[in-house]
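# Survey of secondary and tertiary structure
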Amino acid sequence: MISEPVHELLQQVLNFLKSGEIEQASNELSVILQQHLDDPEVLYVLAGVDFWLEKLDSLDKKATAFEKGEFLISQWRSFLPYMQKKGKDRDAVLYALKRCAFSIALKFYQSLYKEEGVSQDPEVYRKISLCYKALGDYERALRLLEQAKDGNMESAPILAELADCYALCGEMRFAKVLFREAFFKDAGKIELYFLESEIIQRLVKQVEDMGYEGGEIAEWIPVYGLLYGVFNVKRGLRALEFGKLKQSVFWLENELKSAPPERTALLVPRLINHYFWLIDHYVNTDDDKAKINEILLKIKLLDENVYEKYTM
């Protein structure tokens with residue numbers, strides 16, 4: 001158990017980190033280390049601070065503010081596994097370090113932000129909103145993501161982040177619609193490790209527990225999201241969208257015929273998800289039931305387990 005005075009000193013370190021003042025945090029930590037070098041909590045904080053100081057030192061090699069922001073937030077994915085090796089997770093410390101990293105990244109992205117009323121790169125909006133979401137400012141993140149969506153309605157990452165923010169704000173119906181839309185458009189481009197809402201984190205964990213890994217996880221999420229009733233808010237397709245869906249199904253079916261195993265592992269769940277959308281359309285338009293049965297048979301041939309869960 002760490003003594004009260006040291007705890008108070010560490011709180012000062014954490015406060016500096018939460019404000020993005022990592023140099024001040026490092027200086028305070030150096031003072032504590034002079035007398036408490038073997039304290040496990042002090043060493044845990046030190047490991048986290050050193051990790052980000054090292055990343056900040058390498059920023060000089062990055063040419064633009066956008067590249068610097070991208071580099072910093074990309075390190076979050078490796079940071080958590082790194083800290084797991086340094087001891088038992090300490091939520092307060094991880095939270096302070098998270099605020100530190102995303103506060104610094106936010107400054108880089110904000111330097112690219114143009115004045116109000118000027119056209120903005122949707123990706124800049126998305127990355128600024130991602131930082132605000134990590135800092136807990138969901139309402140501001142939501143406003144920026146709506147602007148990002150207006151600039152690029154076809155972006156799966158923007159739609160997924162927007163869905164995540166709606167879920168964090170308690171707007172579950174909007175979240176479910178947008179999550180299903182995002183994973184249909186391009187599951188492979190969605191950065192799962194930045195999605196924070198319980199609804200999607202739980203679904204990611206369920207898919208991982210089935211043994212899927214890497215890019216397969218994102219592709220199977222919309223399939224099991226529907227089977228488990230998570231992606232249960234649906235919308236109808238316009239005529240043009242239906243035409244594009246049928247064309248995509250045709251391409252996927254043809255590609256699957258000669259795809260190598262590693263590609264097949266991605267194509268099968270993607271095609272099944274397309275079949276689900278196709279069935280929904282036929283149901284909504286009271287189309288010939290024979291078409292639905294034909295699609296169901298195709299799903300059964302691809303994955304009998306999914307077929308059984310879908311039709312039970």
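Everything in this summary refers to the structure shown in the same document. (Residues numbered from 1 in each chain as written. Predicted model: local features only at pLDDT ≥ 70, side-chain atom pairs only at ≥ 80, totals over all residues. Heavy atoms only, no water.)

### Here we look at a negative patch on the surface
On the surface, a cluster of negative charge is contributed by Glu 23, Asp 50, Glu 54, Asp 57 and Asp 60. Tallying contributions element by element places helix α3 (residues 40–57) first for the negative patch, with three residues. Among the secondary structure elements, Asp 57 is positioned in helix α3. By relative accessible area, Asp 57 is classed as exposed at 60%. (Patch = residues over 30% accessible without salt bridge, like charges linked within 9 Å, V, L, I, M, F, W, Y side chains within 5 Å. Areas by Shrake-Rupley, 256 points an atom, 1.4 Å probe, with all protein chains shown as cover. Salt bridge = Lys/Arg side-chain N within 4 Å of Asp/Glu carboxyl O. Lys, Arg positive; Asp, Glu negative; His and termini not counted. Charge placed at Lys NZ, Arg CZ, Asp CG, Glu CD. Helix = DSSP H or I, 4+ residues; strand = E, 2+ residues; numbered from the N terminus. Buried < 20%, exposed > 50% of the residue type's maximum accessible area, 1.4 Å probe, protein only.)

### Focus on the packing of aromatic side chains
What the rule picks out here adds up to 20 aromatic pairs. Ring centres of Trp 76 and Phe 102 lie 5.8 Å apart, and the angle between their planes is 70°; this geometry places the pair in the edge-to-face category. Residue Trp 76 is found in helix α5 (residues 76–84), and its partner Phe 102 is found in helix α6 (residues 91–110); the two are separated by 26 residues along the sequence. Neither Trp 76 nor Phe 102 differs from the other in exposure class; each is buried. With 4.4 Å between their ring centres and 25° between their planes, Phe 184 and Trp 277 make a pair best called stacked. In this pair, Phe 184 sits in helix α10 (residues 172–186) while Trp 277 sits in helix α14 (residues 261–284), placing the two residues 93 residues apart along the sequence. (Phe/Tyr/Trp six-rings, centres within 6.5 Å; stacked < 30°, edge-to-face > 60°.)

### Digging into helix α9 (residues 156–168)
Across its 13 residues, α9 extends 18 Å between first and last C-alpha, which sits within 8% of the 18 Å expected from 1.5 Å per residue. Across the 13 residues of α9, 12 count as buried, placing the element largely inside the fold. Looking at α9, one finds that the buried residues are Ala 156, Pro 157, Ile 158, Leu 159, Ala 160, Glu 161, Leu 162, Ala 163, Asp 164, Cys 165, Tyr 166 and Ala 167. Residues of α9 that are buried make contact with α7 (122–134), α8 (138–151), α10 and α11 (198–209). (Expected span 1.5 Å × (residues − 1). Contact = heavy atoms within 4.5 Å.)

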